[in-house]
Amino acid sequence: MARMQISTDTSTWLLQAKEFLDEARRLKPGPERNELRQTAKALREIAKLEAASESALDRDWRQRT
């Protein structure tokens, strides 16, 4: 099976989300699987907010120089 190559700038949050989803896929449908999927969803949202924050900080820094 081919493995996905993950770039070095991938967020730790996204890597954790991927691990949770991989684990959820191994489980039968049920509450535990749903909880892992919801956790992964929250981690992806955190990663998105973090990226937006870093982008805003970078723009602010560029404007000051």
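Residues numbered from 1 in each chain as written. Predicted model: local features only at pLDDT ≥ 70, side-chain atom pairs only at ≥ 80, totals over all residues. Heavy atoms only, no water.

Focus on the overall build of the protein
Operational definition: Runs of E in the DSSP output that reach at least two residues are strands. Runs of H or I that reach at least four are helices, and both are numbered from the N terminus. Exposure classes here rest on a 1.4 Å probe applied to the protein chains alone. A residue is buried below 20% of its type maximum, exposed above 50%, and partly exposed in between. The Shrake-Rupley method, run with a 1.4 Å probe, gives the accessible areas here. Residue values count only the displayed protein chains as cover.
Assigned secondary structure in the protein consists of 2 helices and 0 strands. Expressed as a percentage of the 65 residues in the protein, the buried residues total 12%. Accessible surface computed for the protein: about 6,000 Å², of which carbon and sulfur atoms make up 52%.

A word on the confidence of the model for the protein
The criterion, for reference: The predictor rates its confidence in each residue with pLDDT, a number between 0 and 100. In what follows, a contact means two residues having at least one pair of non-hydrogen atoms within 4.5 Å.
Taken residue by residue, the protein gives an average pLDDT of 83. The fraction at 70 or more is 72%. Throughout residues 4-8 the model reports pLDDT below 50, and contacts reaching past four residues in sequence, or to other chains, amount to 2 contacts.

Comments concerning the pattern of salt bridges
For clarity, the threshold we go by: Definition used for salt bridges: Asp or Glu carboxyl oxygen within 4 Å of a side-chain nitrogen of Lys or Arg.
A full pass over the atoms with the stated rule returns 4 salt bridges. Note that K18 and D22 form a salt bridge whose closest N and O atoms lie 2.9 Å from each other. In this pair, K18 and D22 are both assigned in helix α1 (residues 12-26), 4 residues apart and thus about one turn of the helix distant. Judged by its relative accessible area of 33%, K18 falls in the partly exposed class. Here D22 falls in the partly exposed class, since its relative accessible area comes to 24%. Here R26 and E23 are joined by a salt bridge, their closest N and O atoms 3.1 Å apart. With R26 and E23 both in helix α1 and 3 residues apart, the pair spans about one turn of that helix. We classify R26 as exposed; its relative accessible area is 61%. Sharing partners across several salt bridges, the network here consists of K18, D22 and R25.

What about the environment of A40?
Take A40: it is sitting in helix α2 (residues 31-64). Through-space distance from the C-alpha of A40 to that of A24 is 9.4 Å; in sequence the pair is 16 residues apart. With residues up to four places along the chain from it excluded, the contact list for A40 reads A17, F20 and L21.

A look at the side chain of S11
Examined against the element boundaries, S11 turns out to sit in the segment before α1. With residues near it in sequence (within four places) discarded, S11 still touches A47 and E50.

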